[in-house]
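Below, each chain spelled out in residue letters.
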Amino acid sequence: KENLSPEVYAELFLNVERLPRNLVFSEEYDVRESRFTGEPDPTSPMYLFIDPGTTSSAYGVAFVQILPGPTGVPVVKVYDEIYERYTHTEKVIDYFLSHPYAHLVQGAVMDIAGRQHHDKSSSPKELWQNLAHIPVWDKQVSIIMGIERHKTFLLQPNTGLRRLLIHQRCANLHREYLSWR
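Let me sum up the structure you'll find in this document. These numbers were taken from a predicted model, which means no experiment stands behind them. (Residues numbered from 1 in each chain as written. Predicted model: local features only at pLDDT ≥ 70, side-chain atom pairs only at ≥ 80, totals over all residues. Heavy atoms only, no water.)

1. Re the environment of G107
So the rule is basically this: For helices the rule is a DSSP run of H or I covering at least 4 residues; for strands it is a run of E covering at least 2, with both sets numbered from the N terminus onward. The criterion used for residue contact is that any of the two residues' heavy atoms lie within 4.5 Å.
Checked against the element boundaries, G107 lands in strand β5 (residues 105-110). Each C-alpha atom of the pair G107 and I134 lies 5.1 Å from the other, and the pair is 27 residues apart in sequence. Beyond its immediate stretch of four places on either side in the chain, G107 contacts M46, Y47, L48, I134, P135 and W137.

Given below as structure tokens:
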């Protein structure tokens with residue numbers, strides 16, 4: 001206890017959550033304004049945003065539609081999530097295939113790390129394409145540029161528009177925005 005700050009000690013041993021410092025999206029993400037309720041448009045295509053992680057980290061899949069916004073600017077709406085820890089791609093694909101929105105999905109965008117062969121002969125990208133039978137796109141961008149682009153979807157500084165809205169049921173995704181450093 002002598003070597004820790006009171007905040008760190010409380011977090012580690014007293015199960016007290018402290019407010020994180022240096023949050024990446026603290027200026028752009030708003031707990032109230034970034035949330036919505038409702039169901040997807042059954043006539044519009046749906047896409048997946050996939051961050052495969054590794055076996056010991058979080059594996060995230062977001063079910064997304066890109067729809068016309070109130071000002072004519074497209075809005076990206078996240079309707080649901082698959083968020084698992086200590087899992088593997090085939091298991092997440094099984095969850096996806098049984099998901100009520102799976103029939104709307106026409107493709108996916110995946111973190112470039114999805115090309116890596118961590119502990120299997122096939123990469124997560126190859127597995128999604130072969131087992132889920134959907135095209136998966138990725139593109140190498142720098143982390144800083146990806147974060148900055150992402151911020152403009154959470155809040156466009158010049159217009160005040162929020163073009164990325166997340167359904168209130170996506171508790172894990174909301175938690176990530178509130179804690180990602």
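2. Some thoughts on the side chain of D80
Let me state the cut-off plainly: Throughout, exposure labels follow a simple rule: accessible area from a 1.4 Å probe, protein chains only, divided by the maximum for the residue type, with under 20% read as buried, over 50% as exposed, and the rest as partly exposed. For the purpose of counting charges, residues Lys and Arg are taken to be positive, whereas Asp and Glu are taken to be negative. His and the chain ends are not included. Salt bridge, as used here: a side-chain nitrogen of Lys or Arg that lies within 4 Å of a carboxyl oxygen of Asp or Glu. N or O atoms closer than or at 3.5 Å make up a polar contact, with two conditions inside protein: a donor-capable atom paired with an acceptor-capable one, and, for residues adjacent in sequence, both atoms drawn from side chains.
Inspection of the secondary structure assignment puts D80 in strand β4 (residues 74-85). The buried charged residue D80 lacks any salt bridge partner; its closest oppositely charged side chain belongs to R169, at an N-O distance of 4.1 Å. At 2.7 Å, the side chain of D80 forms a polar contact with the side chain of H99. Excluding anything up to four places from it in sequence, D80 contacts V61, A62, F63, H99, Y101, R169 and C170.

3. Description of a nonpolar patch on the surface
What counts is decided by this rule: For patch detection, residues must exceed 30% relative accessible area and be free of salt bridges, and they are connected within 9 Å for like charges or within 5 Å for nonpolar side chains (Val, Leu, Ile, Met, Phe, Trp, Tyr). All accessible areas in this document rest on Shrake-Rupley with a 1.4 Å probe, and a residue is counted as covered only by the protein chains that are shown.
The grouping of L12, F13, L14 and V16 at the surface amounts to a nonpolar patch, some 420 Å² of accessible area in total. The topology assignment puts V16 in the loop between α1 (6-13) and β1 (35-36). Relative accessible area serves as the criterion here: at 42%, V16 is assigned to the partly exposed category.

4. Focus: the pattern of salt bridges
A complete count under the given rule lists 4 salt bridges for this structure. Put simply, D138 and R115 hold a salt bridge, and the shortest N to O gap is 2.7 Å. Of this pair, D138 sits in the loop between β6 (136-137) and α4 (143-154) while R115 sits in the loop between β5 and α3 (124-132), and the two are 23 residues apart along the sequence. Note on R115: relative accessible area 45%, which makes it partly exposed. In this structure, K125 engages D138 in a salt bridge whose closest nitrogen and oxygen atoms are separated by 3.4 Å. Pair noted here: K125 is in helix α3 and D138 is in the loop between β6 and α4, with a separation of 13 residues, a long-range link. A relative accessible area of 17% means that K125 is categorised as buried. Judged by its relative accessible area of 15%, D138 falls in the buried class. Within this structure, R115, K125 and D138 form a network of salt bridges that share partners.

5. Some details on α3
Each turn of an α-helix holds 3.6 residues, which means side chains three or four residues apart point in the same direction. Cut-off, in case you're wondering: As used here, the arc is the angular range of directions from the helix axis to the C-beta atoms.
Taken together, the buried positions of α3 are occupied by P124, K125, L127, W128 and A132. Along α3, the residues classed as buried sweep out an arc of 165 degrees about the axis, all on the same side. The secondary structure elements touched by the buried residues of α3 are β2 (46-51), β3 (58-68), α2 (89-97), β5 and β6. Within two residues after α3, H133 carries a phi angle of roughly 60 degrees, on the positive side.

6. With respect to the nonpolar core
As a reminder, the rule being used: Residues enter a nonpolar core if they are buried and are Ala, Val, Leu, Ile, Met, Phe, Trp, Tyr or Cys, with the set joined through side-chain atoms within 4.5 Å.
Judged by nonpolar contacts, the single largest core of 26 residues is most densely connected at L48, I50, V61, F63, F96 and W128. Of all the secondary structure elements, the ones that give two or more residues to this core are β2, β3, β4, α2, β5 and α3. Among the elements that line this core, the one with the most residues is β3, at 4 residues. If sequence neighbours within four positions are ignored, W128 has contacts with L48, I50, Y59, V61, T89, V92, I93, F96, M110, H133, I134 and V136. Of all hydrophobic cores here, the second largest spans 13 residues; its members include F25, A62, V76 and L164.

Read these as layout, nothing more, since geometry by itself doesn't imply function.
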